[in-house]
Amino acid sequence: MPIQPAAATAAPTDPSASRYDGATIVLHWLTAGLVIALFLLAEGWGFFPRDIRKAGQSLHVSLGILLAVVLVVRLLWRGSAGRRLPPADAGLLGWAARAAHLALYGLLVAQAALGILFRWAEGEPLQFFGLFALPAAFAPDRDLARSLIGLHNTVAWIIIVLAGLHAAAALIHHYALRDGVLRRMLPGRG
């Protein structure tokens with residue numbers, strides 16, 4: 001009888017071995033919350049008077065910087081110390097899940113870069129909750145700013161659609177398949 005690796009034998013006795021570690025879970029839900037808040041701010045500020053809209057845009061920039069930092073920490077954590085779990089699905093579904101995760105990471109990185117470049121193309125500094133500002137790295141360019149904001153908006157919608165599909169898949173796993181996949185990323189003791 002072949003000897004099983006330690007990780008494979010630990011799963012039945014240690015329920016936490018079938019869940020992501022606490023830092024991964026916190027970073028996941030922080031990312032999700034920031035993405036939703038940023039999207040709602042951007043889609044909603046057109047309904048408000050100019051002074052409130054400006055405050056919303058300032059908050060959007062600050063939360064965008066925070067998302068960029070969370071994303072960097074998340075990628076570093078995932079690449080080093082974060083717990084890796086076996087794929088929930090095999091075959092085509094497993095491939096689709098991995099592709100969706102990679103696409104979300106790539107789109108989030110692109111979105112942060114587009115947001116920063118857009119602000120700079122407008123000649124605006126990156127203000128972080130009024131605590132500090134990163135000045136524009138290049139001269140204002142209105143044509144570039146228009147292109148960048150168009151891309152920024154398009155990528156935002158793609159992220160929301162893909163994240164919605166990701167959430168729907170998690171709910172299908174939880175309520176239809178009842179396979180415990182969603183519990184792997186939920187806070188608590190599992």
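Everything that follows concerns the structure shown earlier in this document.
The notes below deal with the structure included here. (Residues numbered from 1 in each chain as written. Predicted model: local features only at pLDDT ≥ 70, side-chain atom pairs only at ≥ 80, totals over all residues. Heavy atoms only, no water.)

**Considerations on the pattern of salt bridges**
Moving on, step 1. Enumeration according to the criterion identifies two salt bridges in this entry.
Moving on, step 2. Between Glu124 and Arg119 there is a salt bridge; the shortest N-O distance is 3.8 Å.
Moving on, step 3. Ionic pairing is found between Arg146 and Asp143, a salt bridge with its closest N-O pair at 2.4 Å. On the criterion of helical spacing, the pair formed by Arg146 and Asp143 is a turn pair, its members being three residues apart in helix H5 (residues 142-177). The residues Arg146 and Asp143 share a single accessibility class, namely exposed. (Salt bridge = Lys/Arg side-chain N within 4 Å of Asp/Glu carboxyl O. Helix = DSSP H or I, 4+ residues; strand = E, 2+ residues; numbered from the N terminus. Buried < 20%, exposed > 50% of the residue type's maximum accessible area, 1.4 Å probe, protein only.)

**What about the packing of aromatic side chains?**
Moving on, step 1. By the definition in use, this model includes four aromatic pairs.
Moving on, step 2. Between the aromatic rings of Phe128 and Phe129, the centroid separation amounts to 4.8 Å while the plane-to-plane angle is 75°, which identifies the pairing as edge-to-face.
Moving on, step 3. Residue class for Phe128 comes out buried when judged on its relative accessible area of 16%. (Phe/Tyr/Trp six-rings, centres within 6.5 Å; stacked < 30°, edge-to-face > 60°.)

**A look at the environment of Leu134**
Moving on, step 1. Assignment of secondary structure puts Leu134 in strand S2 (residues 132-134).
Moving on, step 2. Under the relative-accessibility criterion, Leu134 is labelled partly exposed at 40%.
Moving on, step 3. Leu134 sits 112 residues away from Gly22 along the chain, and the two C-alpha atoms are 32 Å apart.
Moving on, step 4. Ignoring sequence-local partners within four residues, the contact set of Leu134 consists of Trp120, Pro125 and Leu126. (Contact = heavy atoms within 4.5 Å.)

**Some points on a nonpolar patch on the surface**
Moving on, step 1. Taken together, the side chains of Leu59, Phe129, Leu131, Phe132 and Leu134 define a hydrophobic patch exposed on the protein surface, amounting to about 470 Å² of accessible area.
Moving on, step 2. Its place among the elements puts Phe132 in strand S2. (Patch = residues over 30% accessible without salt bridge, like charges linked within 9 Å, V, L, I, M, F, W, Y side chains within 5 Å. Areas by Shrake-Rupley, 256 points an atom, 1.4 Å probe, with all protein chains shown as cover.)

**Regarding the environment of Arg53**
Moving on, step 1. By the element assignment, Arg53 lies in helix H3 (residues 50-79).
Moving on, step 2. In this structure Arg53 comes out as partly exposed when scored by relative accessible area, which is 26%.
Moving on, step 3. Between the C-alpha atoms of Arg53 and Leu93, which are 40 residues apart in sequence, the distance is 42 Å.
Moving on, step 4. Setting aside residues no more than four positions away along its own chain, Arg53 makes contact with Trp45, Gly46 and Phe48.
Moving on, step 5. A polar contact is formed between the side chain of Arg53 and the backbone oxygen of Phe48, at a distance of 3.0 Å. (Polar contact = N/O pair within 3.5 Å; in protein donor to acceptor, adjacent residues only side chain to side chain.)

**Some words on unusual backbone geometry**
Moving on, step 1. Even without glycine at this site, Phe129 takes up a positive phi of about 50°.
Moving on, step 2. Tracing the sequence through the fold places Phe129 in the loop between strand S1 (126-128) and S2.

**Details of the environment of Val69**
Moving on, step 1. With respect to the secondary-structure elements, Val69 resides in helix H3.
Moving on, step 2. Residues Val69 and Ala112, 43 residues apart in the sequence, show an inter-C-alpha distance of 9.6 Å.

**Quick look at the nonpolar core**
Where a protein is soluble and globular, its nonpolar side chains tend to be buried together.
Moving on, step 1. In terms of nonpolar packing, the biggest core is built from 20 residues, with Leu67, Leu108 and Ile159 touching the most fellow members.
Moving on, step 2. Elements supplying a minimum of two residues to this core: helix H2 (22-44), H3, helix H4 (91-121) and H5.
Moving on, step 3. Take this core: its biggest share by element is seven residues, from H4.
Moving on, step 4. Apart from residues no more than four positions distant in its own chain, Ile159 is found in contact with Val35, Leu104, Leu107, Leu108 and Gln111.
Moving on, step 5. Listed in part, the five residues of the second largest apolar core include Val61, Ile65, Trp120 and Leu126. (Core = buried A, V, L, I, M, F, W, Y, C linked by side-chain atoms within 4.5 Å.)

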